[in-house]
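Architecture at a glance
Spelled out, the chains give:
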Amino acid sequence: MHVLLVEDERKITDFVCAGFREQGFAVDHCDNGTEGFARATNGAYDVIILDIMLPGRDGLSILKGLRKSGNATPILLLTARNELDDRIEGLTLGADDYLAKPFFVEELIARIQALVRRVSGERQNILAVGDLSLDRITREVTWRGHTVDLTGREFNLIEYLMRSPGRVFTRTQILEHVWGYDFDPSTNVVDVCIQRIRKKIASISADTDEHSPIESIRGVGYRFRKPA
Ligand code: CA
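Just so it is clear, the model here is predicted, and its values are computed rather than measured.

1. Section: the overall build of the protein
Within the protein, the regular secondary structure consists of eight helices and twelve strands. If you line up the protein on its principal axes, its C-alpha atoms span 70 × 35 × 30 Å. Taken across its 228 residues, the protein has 42% of its residues classed as buried. Pairs at least 24 residues apart make up 55% of the contacts formed inside the protein by residues separated by at least 6 positions. Element-wise, carbon and sulfur atoms account for 50% of the exposed surface of the protein, whose accessible area totals about 12,400 Å². Treating the 30 positive side-chain charges of the protein as one cloud and the 34 negative ones as another, the clouds have centres 6 Å apart.

2. Concerning the pairing of strand β11 (residues 214-217)
One ladder, built from four bridges, connects β11 with strand β12 (residues 221-224); its direction is antiparallel. Along β12, the bridge assignment pairs Ile214 with Phe224. What sits between β11 and β12 in their antiparallel hairpin is a turn of three residues, with Gly219 showing a positive phi close to 75°.

3. Some remarks on the coordination of the calcium ion
Ligation of the calcium ion by protein atoms is provided by Asp8 (OD), Asp51 (OD) and Met53 (O), these donors lying 2.1 to 2.3 Å from the ion. Here the donor residues for the calcium ion map to a single chain with the spacing D-x42-D-x1-M. Taken as a pair, Asp8 in the loop between β1 (2-6) and α1 (10-22) and Met53 in the loop between β3 (47-51) and α3 (59-68) lie far apart in primary sequence, 45 residues in all. Accessibility expressed as a relative area gives 33% for Asp8, which makes it partly exposed.

4. Overview of the packing of aromatic side chains
Aromatic ring pairs are reported here in terms of the distance separating the ring centres and the angle at which the planes meet. Inspection of the entire model under this criterion finds three aromatic pairs. On the numbers, 5.6 Å between centres and 50° between planes, the contact of Phe15 with Phe103 is tilted. Taken together, the residues span a long stretch of sequence, with Phe15 in helix α1 and Phe103 in the loop between β5 (97-100) and α5 (105-124) at a distance of 88 residues. On the basis of relative accessible area, Phe15 is assigned to the partly exposed category, the value being 32%. Across from the ring centre of Phe37, 4.0 Å away, lies the NZ or CZ of Arg57, which sits over that ring.

5. Topic: the nonpolar core
Nonpolar side chains in soluble globular proteins generally cluster together in the buried interior. If you look at the biggest cluster of nonpolar residues, it comprises 27 residues, and the most contacted ones within it are Leu132, Leu157, Ile158, Leu161, Ile174, Trp179 and Ile197. Mapped by element, the contributors of at least two residues to this core are β6 (126-129), β7 (132-135), β8 (141-143), α6 (152-162), α7 (171-178), α8 (189-205) and β12. Here this core takes six residues from α6, the largest share from any one element. Other than its neighbours up to four places away in sequence, Leu161 contacts Phe169, Ile174, Ile214, Tyr222 and Phe224. Core analysis: the second largest hydrophobic core is formed by 19 residues, Phe25, Leu76, Phe103 and Leu115 among them.

6. Concerning the layout of surface pockets
Of the pockets and cavities examined, the largest pocket occupies roughly 170 Å³. Contributing to the lining of the largest pocket are 14 residues, with Gly130, Asp131, Trp143, Pro213 and Arg225 lying nearest its centre. Here the residues of the lining of the largest pocket sort into seven nonpolar, three polar and four charged.

7. Re the packing of α7 against α8
Direction vectors running N to C along α7 and α8 enclose 80°, while the axes themselves pass 9 Å from each other. For the element pair α7 / α8, the angle class is roughly perpendicular. Judged by residue contacts, Arg171, Ile174 and Leu175 of α7 engage Val189, Val190 and Asp191 from α8. A per-class count over the contact of α7 with α8 returns four nonpolar, no polar and two charged.

8. Thoughts on the sheet that holds β12
Taken in spatial order, the three strands make up an open sheet running β10-β12-β11, and their pairing is antiparallel. Unpaired on one side and paired on the other, β10 (168-170) and β11 mark the two borders of the sheet. Across this sheet, the average inter-strand angle for adjacent strands is 35°, counted without regard to direction. Its contacts with the sheet place α7 against β10 and β12, and it is angled at close to 75° to β10. Lying over the sheet, α8 contacts β11 and β12, oriented at roughly 145° with respect to β11.

Reading the values: rules and limits
- Residues numbered from 1 in each chain as written.
- Predicted model: local features only at pLDDT ≥ 70, side-chain atom pairs only at ≥ 80, totals over all residues.
- Heavy atoms only, no water.
- Helix = DSSP H or I, 4+ residues; strand = E, 2+ residues; numbered from the N terminus.
- Buried < 20%, exposed > 50% of the residue type's maximum accessible area, 1.4 Å probe, protein only.
- Contact = heavy atoms within 4.5 Å.
- Areas by Shrake-Rupley, 256 points an atom, 1.4 Å probe, with all protein chains shown as cover.
- Lys, Arg positive; Asp, Glu negative; His and termini not counted.
- Charge placed at Lys NZ, Arg CZ, Asp CG, Glu CD.
- Pairing = 2+ DSSP bridges.
- Donors = N, O, S within 2.8 Å, 3.2 Å for Na, K, Ca; no water.
- Phe/Tyr/Trp six-rings, centres within 6.5 Å; stacked < 30°, edge-to-face > 60°.
- Lys NZ or Arg CZ within 6 Å of the ring centre and 35° of its normal.
- Core = buried A, V, L, I, M, F, W, Y, C linked by side-chain atoms within 4.5 Å.
- 1 Å grid on protein atoms, 1.4 Å probe; cavity = no way out; pocket = protein on both sides within 12 Å on 5 of 7 lines; lining within 4 Å.
- Points joined across faces, edges and corners; volume = space filled by probe spheres on them.
- Nonpolar A, V, L, I, M, F, W, Y, C, P; charged D, E, K, R; others polar.
- Axes fitted to C-alpha atoms, helices over the stretch in contact; angles between N-to-C directions.
- Parallel < 35°, antiparallel > 145°, perpendicular 65-115°, else oblique.

Have a look at this one:
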(Lines give C-alpha, C1' and ligand atoms only; values in the text may rest on other atoms or scores of the structure.)
Protein backbone atom coordinates (compact mmCIF):
# COMPACT_ATOMS: atom_id res chain seq x y z
CA MET A 1 0.00 0.00 0.00
CA HIS A 2 1.53 3.30 -1.12
CA VAL A 3 0.12 6.26 0.81
CA LEU A 4 0.59 10.01 0.45
CA LEU A 5 0.07 12.01 3.63
CA VAL A 6 -0.32 15.79 3.31
CA GLU A 7 -0.35 17.19 6.85
CA ASP A 8 1.46 20.12 8.46
CA GLU A 9 1.10 19.20 12.13
CA ARG A 10 4.29 17.51 13.19
CA LYS A 11 2.75 15.49 16.01
CA ILE A 12 0.05 14.00 13.81
CA THR A 13 2.53 13.30 11.03
CA ASP A 14 4.86 11.45 13.40
CA PHE A 15 2.29 9.09 14.86
CA VAL A 16 0.51 8.49 11.55
CA CYS A 17 3.76 7.72 9.70
CA ALA A 18 4.91 5.43 12.51
CA GLY A 19 1.57 3.58 12.48
CA PHE A 20 1.61 3.24 8.69
CA ARG A 21 5.15 1.89 8.60
CA GLU A 22 4.33 -0.59 11.34
CA GLN A 23 1.46 -1.76 9.15
CA GLY A 24 3.84 -2.18 6.23
CA PHE A 25 2.50 0.79 4.22
CA ALA A 26 4.97 2.82 2.17
CA VAL A 27 4.32 6.46 3.07
CA ASP A 28 5.34 9.73 1.43
CA HIS A 29 4.76 12.87 3.44
CA CYS A 30 4.58 16.60 2.65
CA ASP A 31 3.85 19.40 5.09
CA ASN A 32 2.42 21.93 2.63
CA GLY A 33 -0.35 21.92 0.07
CA THR A 34 1.63 23.10 -2.92
CA GLU A 35 4.07 20.22 -2.76
CA GLY A 36 1.23 17.90 -1.76
CA PHE A 37 -0.67 18.69 -4.94
CA ALA A 38 2.43 18.17 -7.09
CA ARG A 39 3.16 14.82 -5.49
CA ALA A 40 -0.44 13.68 -5.71
CA THR A 41 -0.50 14.61 -9.39
CA ASN A 42 2.75 12.93 -10.33
CA GLY A 43 2.75 9.90 -8.06
CA ALA A 44 0.77 6.67 -8.26
CA TYR A 45 -0.75 6.30 -4.80
CA ASP A 46 -3.28 3.78 -3.55
CA VAL A 47 -4.72 6.42 -1.26
CA ILE A 48 -4.13 10.08 -0.35
CA ILE A 49 -4.68 11.46 3.18
CA LEU A 50 -5.33 15.18 3.07
CA ASP A 51 -5.43 17.65 5.93
CA ILE A 52 -7.71 20.60 5.18
CA MET A 53 -5.90 23.54 6.79
CA LEU A 54 -2.45 23.61 5.20
CA PRO A 55 0.19 26.18 4.33
CA GLY A 56 0.16 26.81 0.57
CA ARG A 57 -2.76 25.15 -1.14
CA ASP A 58 -5.46 23.92 1.26
CA GLY A 59 -6.80 20.37 1.28
CA LEU A 60 -10.11 21.13 -0.40
CA SER A 61 -8.36 22.98 -3.22
CA ILE A 62 -6.00 20.01 -3.74
CA LEU A 63 -8.98 17.65 -3.81
CA LYS A 64 -10.83 19.85 -6.28
CA GLY A 65 -7.76 20.14 -8.53
CA LEU A 66 -7.14 16.39 -8.56
CA ARG A 67 -10.72 15.46 -9.36
CA LYS A 68 -10.93 18.15 -12.02
CA SER A 69 -7.88 16.66 -13.75
CA GLY A 70 -9.46 13.21 -13.69
CA ASN A 71 -7.32 11.82 -10.87
CA ALA A 72 -9.54 9.24 -9.14
CA THR A 73 -7.17 8.12 -6.36
CA PRO A 74 -9.16 7.45 -3.17
CA ILE A 75 -8.91 10.46 -0.84
CA LEU A 76 -9.54 10.61 2.90
CA LEU A 77 -9.79 14.06 4.49
CA LEU A 78 -8.58 14.85 7.99
CA THR A 79 -10.88 17.46 9.47
CA ALA A 80 -10.98 19.41 12.69
CA ARG A 81 -13.73 18.41 15.09
CA ASN A 82 -16.28 21.04 14.16
CA GLU A 83 -15.59 21.56 10.49
CA LEU A 84 -18.96 20.23 9.36
CA ASP A 85 -19.09 22.55 6.34
CA ASP A 86 -15.65 21.40 5.23
CA ARG A 87 -16.65 17.76 5.50
CA ILE A 88 -19.75 18.31 3.43
CA GLU A 89 -17.86 20.33 0.88
CA GLY A 90 -15.13 17.68 0.78
CA LEU A 91 -17.55 14.86 0.11
CA THR A 92 -19.29 16.97 -2.52
CA LEU A 93 -15.96 17.64 -4.21
CA GLY A 94 -15.24 13.92 -4.45
CA ALA A 95 -13.51 12.89 -1.23
CA ASP A 96 -14.17 9.23 -0.42
CA ASP A 97 -14.14 9.48 3.36
CA TYR A 98 -13.11 11.75 6.23
CA LEU A 99 -11.87 11.36 9.77
CA ALA A 100 -12.22 14.02 12.46
CA LYS A 101 -9.26 14.93 14.65
CA PRO A 102 -8.26 13.74 17.15
CA PHE A 103 -8.24 10.14 15.94
CA PHE A 104 -6.46 6.88 16.62
CA VAL A 105 -4.07 5.73 13.91
CA GLU A 106 -5.70 2.28 14.10
CA GLU A 107 -8.97 3.81 12.98
CA LEU A 108 -7.27 5.66 10.14
CA ILE A 109 -5.64 2.41 8.97
CA ALA A 110 -8.96 0.53 9.16
CA ARG A 111 -10.70 3.29 7.15
CA ILE A 112 -7.96 3.25 4.51
CA GLN A 113 -8.15 -0.50 4.13
CA ALA A 114 -11.94 -0.38 3.81
CA LEU A 115 -11.66 2.43 1.28
CA VAL A 116 -9.12 0.66 -0.91
CA ARG A 117 -11.13 -2.58 -0.75
CA ARG A 118 -14.27 -0.74 -1.77
CA VAL A 119 -12.63 1.04 -4.69
CA SER A 120 -10.86 -2.07 -6.01
CA GLY A 121 -14.12 -4.03 -5.60
CA GLU A 122 -15.88 -1.49 -7.80
CA ARG A 123 -13.13 -1.71 -10.36
CA GLN A 124 -13.38 -5.47 -10.50
CA ASN A 125 -17.01 -5.28 -11.58
CA ILE A 126 -15.67 -4.40 -15.00
CA LEU A 127 -13.86 -7.16 -16.81
CA ALA A 128 -12.10 -6.03 -19.96
CA VAL A 129 -9.87 -8.07 -22.25
CA GLY A 130 -8.80 -6.74 -25.62
CA ASP A 131 -11.81 -5.17 -27.35
CA LEU A 132 -14.41 -6.85 -25.18
CA SER A 133 -15.62 -5.42 -21.90
CA LEU A 134 -18.31 -6.63 -19.54
CA ASP A 135 -19.91 -5.29 -16.41
CA ARG A 136 -20.72 -7.96 -13.85
CA ILE A 137 -23.31 -5.81 -12.10
CA THR A 138 -25.33 -4.45 -15.01
CA ARG A 139 -24.38 -7.46 -17.19
CA GLU A 140 -23.76 -5.12 -20.07
CA VAL A 141 -21.31 -6.32 -22.70
CA THR A 142 -19.54 -4.08 -25.19
CA TRP A 143 -17.35 -4.92 -28.17
CA ARG A 144 -15.25 -2.01 -29.41
CA GLY A 145 -17.62 0.32 -27.60
CA HIS A 146 -20.82 -1.18 -29.08
CA THR A 147 -23.33 -3.02 -26.92
CA VAL A 148 -23.63 -6.76 -27.54
CA ASP A 149 -27.02 -8.11 -26.56
CA LEU A 150 -26.28 -11.47 -24.89
CA THR A 151 -28.61 -13.85 -23.07
CA GLY A 152 -27.83 -14.78 -19.47
CA ARG A 153 -26.27 -18.08 -20.54
CA GLU A 154 -24.15 -16.43 -23.24
CA PHE A 155 -22.98 -13.83 -20.73
CA ASN A 156 -21.98 -16.51 -18.21
CA LEU A 157 -20.09 -18.44 -20.85
CA ILE A 158 -18.05 -15.53 -22.15
CA GLU A 159 -17.39 -14.28 -18.63
CA TYR A 160 -16.05 -17.72 -17.71
CA LEU A 161 -13.62 -17.79 -20.66
CA MET A 162 -12.63 -14.14 -20.20
CA ARG A 163 -11.48 -14.67 -16.65
CA SER A 164 -8.51 -16.64 -17.97
CA PRO A 165 -7.51 -15.31 -21.40
CA GLY A 166 -5.40 -17.79 -23.33
CA ARG A 167 -6.43 -20.76 -21.22
CA VAL A 168 -8.14 -23.61 -23.07
CA PHE A 169 -11.38 -24.93 -21.57
CA THR A 170 -12.86 -28.26 -22.60
CA ARG A 171 -16.51 -28.51 -23.59
CA THR A 172 -17.12 -30.50 -20.40
CA GLN A 173 -15.60 -27.76 -18.22
CA ILE A 174 -17.69 -25.10 -19.91
CA LEU A 175 -20.81 -27.23 -19.74
CA GLU A 176 -20.35 -27.92 -16.03
CA HIS A 177 -19.65 -24.32 -15.22
CA VAL A 178 -22.33 -22.66 -17.33
CA TRP A 179 -25.09 -25.28 -17.48
CA GLY A 180 -24.43 -27.35 -14.36
CA TYR A 181 -23.23 -30.84 -13.62
CA ASP A 182 -26.31 -32.78 -14.52
CA PHE A 183 -26.40 -31.64 -18.11
CA ASP A 184 -25.91 -34.37 -20.72
CA PRO A 185 -22.22 -34.21 -21.74
CA SER A 186 -22.94 -35.47 -25.24
CA THR A 187 -25.01 -32.40 -26.09
CA ASN A 188 -23.68 -29.71 -28.42
CA VAL A 189 -25.16 -26.75 -26.51
CA VAL A 190 -21.70 -25.31 -25.84
CA ASP A 191 -20.83 -25.17 -29.53
CA VAL A 192 -24.21 -23.74 -30.40
CA CYS A 193 -23.96 -21.06 -27.71
CA ILE A 194 -20.46 -20.06 -28.81
CA GLN A 195 -21.58 -19.80 -32.43
CA ARG A 196 -24.37 -17.47 -31.30
CA ILE A 197 -21.99 -15.25 -29.32
CA ARG A 198 -19.58 -15.07 -32.27
CA LYS A 199 -22.38 -14.13 -34.63
CA LYS A 200 -23.58 -11.36 -32.35
CA ILE A 201 -20.10 -9.91 -32.07
CA ALA A 202 -19.40 -10.31 -35.79
CA SER A 203 -22.65 -8.54 -36.66
CA ILE A 204 -21.31 -5.46 -34.90
CA SER A 205 -17.80 -5.36 -36.24
CA ALA A 206 -18.27 -7.20 -39.56
CA ASP A 207 -15.35 -9.37 -38.52
CA THR A 208 -14.84 -12.92 -39.69
CA ASP A 209 -14.53 -15.77 -37.19
CA GLU A 210 -10.79 -15.45 -37.59
CA HIS A 211 -10.90 -12.36 -35.40
CA SER A 212 -13.50 -13.62 -32.98
CA PRO A 213 -12.45 -13.20 -29.35
CA ILE A 214 -13.35 -16.86 -28.82
CA GLU A 215 -10.96 -19.28 -30.51
CA SER A 216 -11.73 -22.93 -31.23
CA ILE A 217 -9.00 -25.36 -30.28
CA ARG A 218 -9.58 -28.40 -32.46
CA GLY A 219 -10.34 -31.56 -30.53
CA VAL A 220 -10.08 -29.80 -27.16
CA GLY A 221 -12.43 -26.89 -26.66
CA TYR A 222 -12.31 -23.11 -26.61
CA ARG A 223 -10.31 -20.24 -25.28
CA PHE A 224 -10.64 -16.49 -25.03
CA ARG A 225 -8.09 -14.84 -27.32
CA LYS A 226 -5.26 -13.21 -25.43
CA PRO A 227 -4.77 -9.63 -26.66
CA ALA A 228 -1.63 -9.25 -28.79
CA1 CA B 1 -3.32 21.58 9.44
